[in-house]
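# Examining the three-dimensional arrangement
Spelled out from the first residue to the last, the chains are:
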Amino acid sequence: MSDPTETNGTGAASEAAETAGASGGAGGRRVRVVLVDDHRMFRTGVQAEIGQTAQTGVEVVGEAADVDQAVTVITATRPEVVLLDVHLPGGGGVEVLRRCAPLMGDAEQPVRFLALSVSDAAEDVIGVIRGGARGYVTKTITGSDLVDSIFRVQEGDAVFSPRLAGFVLDAFASTDAPPVDEDLDRLTQREREVLRLIARGYAYKEIAKQLFISVKTVESHVSAVLRKLQLSNRHELTRWATARRLV
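A brief structural summary. Residue positions are counted from 1 within each chain, in the order its sequence is given. For a predicted model such as this one, the threshold for reporting local features is a pLDDT of at least 70, and the threshold for listing and counting side-chain atom pairs is 80 or more; totals across whole chains, interfaces and linings nevertheless cover every residue. Side-chain measures were taken over the full set of non-hydrogen atoms in the model, leaving aside hydrogen atoms and water.

### What about the packing of helix H11 (residues 189-199) against helix H12 (residues 204-211)?
Running from N to C, H11 and H12 point in directions that differ by 135°, and their axes come no closer than 10 Å. Relative to H12, the element H11 is oriented oblique. Between H11 and H12 the crossing geometry is right-handed. On H12, the residues touching Arg190, Glu193, Val194, Leu197 and Ile198 of H11 are Tyr204, Ile207, Gln210 and Leu211. For this classification, Asp, Glu, Lys and Arg are treated as charged, while Ala, Val, Leu, Ile, Met, Phe, Trp, Tyr, Cys and Pro are nonpolar and the rest, including Gly, are polar. Residue classes in the contact of H11 with H12 are distributed as 6 nonpolar, 1 polar and 2 charged. Axis angles are defined between N-to-C directions and span 0 to 180 degrees, where every axis is a line fitted to C-alpha atoms and, for a helix, only to the segment in contact. Helix numbers and strand numbers start at the N terminus; a helix is a DSSP run of H or I with at least 4 residues, a strand a run of E with at least 2. Orientation is classified from the angle alone, with under 35 degrees giving roughly parallel, over 145 giving roughly antiparallel, 65 to 115 giving roughly perpendicular, and any other angle giving oblique. Left-handed describes a crossing whose near helix is turned anticlockwise from the far helix through less than a right angle; right-handed describes the clockwise counterpart. By definition, residues are in contact when any of their heavy atoms lie within 4.5 Å.

This is the structure in structure tokens:
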């Protein structure tokens, strides 16, 4: 199994891209991208779909499977665009955004983030946009549309899957600061992840496997969530999460 933090920028890829630019392939455009997703097979699929630099203009320069790896690779490679999954071991996509905030704010060489996730939950979308991501698309997107979205984000545009744009418009339509859910803000990022999975009907063992933690740790997080939200059981928790469109 390859190291998920391994960079992929080879001389051959660079030469292919230069040839493509000279001959009009990919419209002469070029963008350096890092893939962040905890599923290796998905990263491999995205790489195969968009990483043919001579055709797409996209050069995948690194990959990562969790928050710590992502921050390390992004800092080392300084890509123009990061494709970021929302649910990651180590704190999720929001934590990657928080730790990479200085790179996003670099006036000369900004690193821009495009969320690419299976989730279409309003809370996930709004969370990463508040964290600084330039867009959010779901994993149902086609390869050609994903390439187009990457270049648009590189150029500073905001990009969303059609259904998700409404969440952002609703959240930021007011000139006032977006409303804060004080109950939700009591929870840590990991507790929120556990909350969503519990509300979606996952068993403790399934949650432990997905988040790479022990069943005992899951139980501790659930207890903390119930205590902080003053709820009695997972059924009340599910109703609470559903009412806030977190499921």
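### Considerations on H12
Only protein chains enter the calculation, and the probe is 1.4 Å; a residue is then buried if its accessible area is under 20% of its type maximum, exposed if over 50%, and partly exposed in between. Among the residues making up H12, those that are buried are Ile207, Ala208 and Leu211. Along the long axis of H12, the arc covered by the buried residues comes to 100°, so they all point the same way. When the buried face of H12 is taken as reference, the exposed residues oriented beyond 90 degrees from it are Lys205 and Lys209. Packed against the buried residues of H12 are H11 and helix H13 (215-229). A positive backbone phi angle near 60° is found at Phe212, which sits one or two residues after H12. The reported arc concerns the directions from the helix axis to the C-beta atoms and nothing else.

### Things to note about the pairing of strand E1 (residues 31-36)
In terms of residue burial, E1 counts as a mostly covered element, since 5 of its 6 residues are buried. Between any two strands, pairing holds if DSSP finds at least two bridges. Pairing geometry for E1 and strand E2 (residues 58-64), over 6 bridges, is parallel. Bridge pairing in E2 links Leu35 to Glu63. With 4 bridges connecting them, E1 and strand E3 (residues 81-84) associate as parallel partners. When the sheet's bridge partners are listed, Val36 is paired in E3 with Leu84.

### Concerning the side chain of Arg192
As for its position among the elements, Arg192 is in helix H11. Assessed through its relative accessible area of 17%, Arg192 is described here as buried. Leaving out residues up to four positions away in the same chain, Arg192 has contacts with Glu123, Leu184, Asp185 and Leu187.

### Examining helix H8 (residues 143-154)
In this model H8 runs 17 Å from its N-terminal to its C-terminal C-alpha over 12 residues, within 8% of the 16 Å that 1.5 Å per residue would give. Phi turns positive, to about 100°, at Gly156, one or two residues after H8. Here, expected helix span is obtained from the residue count minus one, scaled by 1.5 Å.

### Side note on the nonpolar core
Throughout, nonpolar core names a set of buried Ala, Val, Leu, Ile, Met, Phe, Trp, Tyr and Cys residues whose side chains join them through atoms within 4.5 Å. By size, the foremost hydrophobic cluster in this structure holds 26 residues, and its most contacted members are Val36, Ile74, Val82, Leu84, Val96, Phe113 and Val128. Secondary-structure elements contributing two or more residues to this core are E1, E2, helix H4 (67-77), E3, helix H5 (92-99), strand E4 (112-117) and helix H7 (122-131). No other element matches the 5 residues that H4 contributes to this core. When near neighbours in sequence (up to four residues on either side) are disregarded, Val128 contacts Val86, Val94, Leu97, Ala115, Ala133 and Tyr136. In this structure, Leu184, Ile198, Ala208 and Leu211 belong to the second largest nonpolar core, which totals 21 residues.

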